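# What the coordinates show
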Amino acid sequence: MRQGDLVILYLGHDNVDHLYLTPDNFSIYNSKFGDFHHVDFVGKPFGSRVYARSGGGRGGGDDKKGWIVALAPTPELWAMALPHRTQIVQPLDAAVVCAHLDLRDGKVVLESGTGSGAMTSCLARCVAPTGRVLSFEFNGTRAAKAAVEFPRNGLPASLVTCEHRDVCADGFGDAADADAVFLDLPEPWLAVGHAARACRPGGRLASYSPCVEQVARTCAALREIGCDRVRTVEVREKEFDVRPNALRSLEPRAPDGEPDAKRRRAEADAPLPGFLAKPLPDMRGHTAFLTFCTLPLRAAGET
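Residues numbered from 1 in each chain as written. Predicted model: local features only at pLDDT ≥ 70, side-chain atom pairs only at ≥ 80, totals over all residues. Heavy atoms only, no water.

## A word on the overall build of the protein chain
For the record, the criterion: Think of it this way: any DSSP run of H or I at least four residues long counts as a helix, any run of E at least two long counts as a strand, and we number them from the N terminus. Here, residues are in contact when the closest pair of their heavy atoms is within 4.5 Å. Areas reported here follow the Shrake-Rupley algorithm with a probe of radius 1.4 Å; residue values treat only the protein chains shown as occluding.
Counting secondary structure elements, the protein chain contains eight helices and 15 strands. For the protein chain, the share of sequence-separated contacts (at least 6 apart) that also reach a separation of at least 24 residues comes to 62%. By element, 52% of the accessible surface of the protein chain is carried by carbon and sulfur atoms, the whole surface being about 16,200 Å².

Written as structure tokens, this is what we have:
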């Protein structure tokens, strides 16, 4: 870890924070686990345990002294630790969006709006190092904060740019021939035509909307300009409990001389599967509807 690095601080399985290293004698990160001087992070590899100089403590033995784990930033960890300016796209939805947009190195993708920047980081990872993410945010304050935050997080201007712009009213500016567009807007149907003109013919579009009424109007706008394969999905996460099987077969053994006795004895003695998978009753709740389509081969408005 070096001066200026973004570091993800793992405090517990449900407690993650971040800091930018400023290695001087006055920069200290304070938590319930103690006081951590920035200079104690410098020179250590990511994944190291960093111990507090004072305060904290987690228990007996080595844990009498407070500690935290310093992790390298990833889009998923950053989504857990970032300062929220808006509601973010959760990593589960973000992964599905990136897959459906067919993002990879060298692609150019448009995003509106930027919000807290969590989705921007996911898009940037997919198209790096030679691609570009052009992000647009209608709120000037949020756009200015994101423009400062991205380079501090290791996303250079050659990879990610953020512009203050209302794409619903003014379109995507000079952007042209982009490979894909992602819309996270209250009224995405107003930006559909602009998106088609800013993308190459046959590019991909994804829209993120929490309400089905938004989806209905967006799908209607997409079909009106000739988009193909319009599809809406909802991503739900269901967890399974997988554990070794301690049960034995309850099939009674057939007595000798009875018809099919040999087969029934073999079935009774057959081992059950080594593991059982039981679906847990709880499931992650609704986050948003994701709408995907292929943009028309002719830009909107062309004859």
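Now that the structure has been shown, we can carry on.
## Let's talk about the pattern of salt bridges
Selection criterion: Salt bridge criterion: a side-chain nitrogen from Lys or Arg within 4 Å of a carboxyl oxygen from Asp or Glu. Between buried and exposed lies partly exposed: a residue is buried under 20% and exposed over 50% of the maximum accessible area for its type, with that area taken using a 1.4 Å probe on protein chains only.
Within the structure shown, the criterion is met by ten salt bridges. With its nearest N and O atoms 2.9 Å apart, the salt bridge here joins Asp-40 to Arg-53. In this pair, Asp-40 sits in the loop between strand 4 (34-37) and strand 5 (49-51) while Arg-53 sits in the loop between strand 5 and strand 6 (67-71), placing the two residues 13 residues apart along the sequence. One salt bridge in this structure joins Arg-104 and Asp-102, with 3.0 Å as the shortest N-O distance. Relative accessible area serves as the criterion here: at 41%, Asp-102 is assigned to the partly exposed category. A cluster of three or more residues bridged by salt bridges with shared partners is formed by Asp-102, Arg-104 and Lys-107.

## Observations concerning the sheet that holds strand 5
Condition: Strand pairing is assigned whenever DSSP detects at least two bridges linking the two strands. Orientation is described by axes fitted as lines to C-alpha atoms, over the contacting stretch for helices, and by angles from 0 to 180 degrees between their N-to-C directions.
Spatial strand order, 2-1-6-5: four strands in an open sheet with antiparallel pairing. The open sheet has two free edges, formed respectively by strand 2 (15-20) and strand 5, since each of these has just one partner strand. When the angles between neighbouring strand axes are averaged without regard to direction, this sheet yields 35 degrees. Taken together, the three bridges between strand 5 and strand 6 define a ladder with antiparallel strand orientation. Considered in strand 6, the bridge of Arg-49 is made with Val-69.

## Points about the UniProt feature "binding site: S-adenosyl-L-methionine" (unreviewed entry) in the protein chain
Rules: UniProt positions are given in the numbering used here, feature names are shortened, and annotations may be inferred rather than shown by experiment. Every definition here rests on a 1 Å grid over the protein atoms only: cavities are sets of points where a 1.4 Å probe fits but cannot get out, pockets are open sets enclosed by protein on both sides within 12 Å along at least five of seven lines, and lining residues have some atom within 4 Å of a point. Two N or O atoms form a polar contact when they lie within 3.5 Å of each other; inside protein one atom must be a possible hydrogen donor and the other a possible acceptor, and for residues adjacent in sequence the pair counts only when both atoms belong to side chains.
Feature annotation in UniProt assigns "binding site: S-adenosyl-L-methionine" (unreviewed entry) to the following positions: Glu-137, Asp-166 and Asp-184. These annotated residues cover 48 residues of sequence, and their C-alpha atoms lie no more than 12.3 Å from one another, placing them together at a single site. Filtering the just-named annotated residues for those lining the largest pocket gives Glu-137 and Asp-184. Relative accessible area serves as the criterion here: at 3%, Glu-137 is assigned to the buried category. Look past the residues within four positions of Glu-137 in its chain and what remains in contact with it is Gly-113, Thr-114, Gly-115, Arg-142, Ala-143, Glu-163, His-164 and Arg-165. A polar contact of 3.1 Å, which involves the side chain of Glu-137, links it to the backbone nitrogen of Thr-114. Structurally, Asp-184 is set in the loop between strand 10 (178-183) and helix 6 (192-198). The exposure class of Asp-184 is partly exposed, given its relative accessible area of 25%. Filtering out sequence-adjacent residues up to four positions away, Asp-184 remains in contact with Val-89, Ser-112, Gly-113 and Tyr-208.

## Things to note about the packing of aromatic side chains
Operational definition: Here a pair means two rings of Phe, Tyr or Trp (six-membered ring of Trp) with centres within 6.5 Å. Their orientation is stacked below 30 degrees between planes, edge-to-face above 60, and tilted elsewhere. A ring has a charge above it when a Lys NZ or an Arg CZ is no more than 6 Å from the ring centre and no more than 35 degrees off the ring normal.
One pass over the structure, following the stated rule, counts one aromatic pair. Residue placement shows Arg-49 over the ring face of Trp-67; its charged tip is 3.6 Å from the ring centre. The ring of Tyr-20 has Arg-152 lying over it, and the distance from NZ or CZ to the ring centre is 3.7 Å.

## Concerning the layout of surface pockets
This is how it is decided: Grid points are joined across faces, edges and corners, and a volume is the space filled by probe spheres set on the points. Under the convention adopted here, Pro, Cys and the residues Ala, Val, Leu, Ile, Met, Phe, Trp and Tyr are nonpolar, Asp, Glu, Lys and Arg are charged, and Gly plus all remaining residues are polar.
Considered as a void within the structure, the largest pocket measures approximately 330 Å³ in volume. Contributing to the lining of the largest pocket are 22 residues, with Thr-86, Gln-87, Gly-113, Asp-184 and Leu-185 lying nearest its centre. Each pocket or cavity is described by its volume, and for the second largest pocket that value is around 260 Å³. If you trace the second largest pocket, you find 16 residues lining it, with Leu-6, Pro-73, Thr-74, Asn-153 and Leu-155 closest to the centre. Secondary-structure elements contributing two or more residues to the lining of the second largest pocket are helix 1 (75-81) and helix 3 (118-127). Considering each element in turn, the lining of the second largest pocket owes the most residues, three residues, to helix 3. Classifying every residue of the lining of the second largest pocket by side-chain character gives nine nonpolar, four polar and three charged.

## Re the sheet that holds strand 8 (residues 132-137)
One open sheet accounts for seven strands, arranged 9-8-7-10-11-15-12; its pairing is mixed. The open sheet is flanked by strand 9 (160-164) and strand 12 (228-233), the only strands paired with a single partner. When the angles between neighbouring strand axes are averaged without regard to direction, this sheet yields 15 degrees. One ladder, built from four bridges, connects strand 12 with strand 15 (residues 289-294); its direction is antiparallel. By the bridge assignment for strand 15, Val-233 is matched with Leu-290. Contacting strand 7 (108-112), strand 8, strand 9 and strand 10, helix 3 runs over the sheet at an angle of about 165 degrees to strand 8. Across the sheet, helix 4 (residues 140-152) touches strand 8 and strand 9, and the angle it forms with strand 9 is around 160 degrees.

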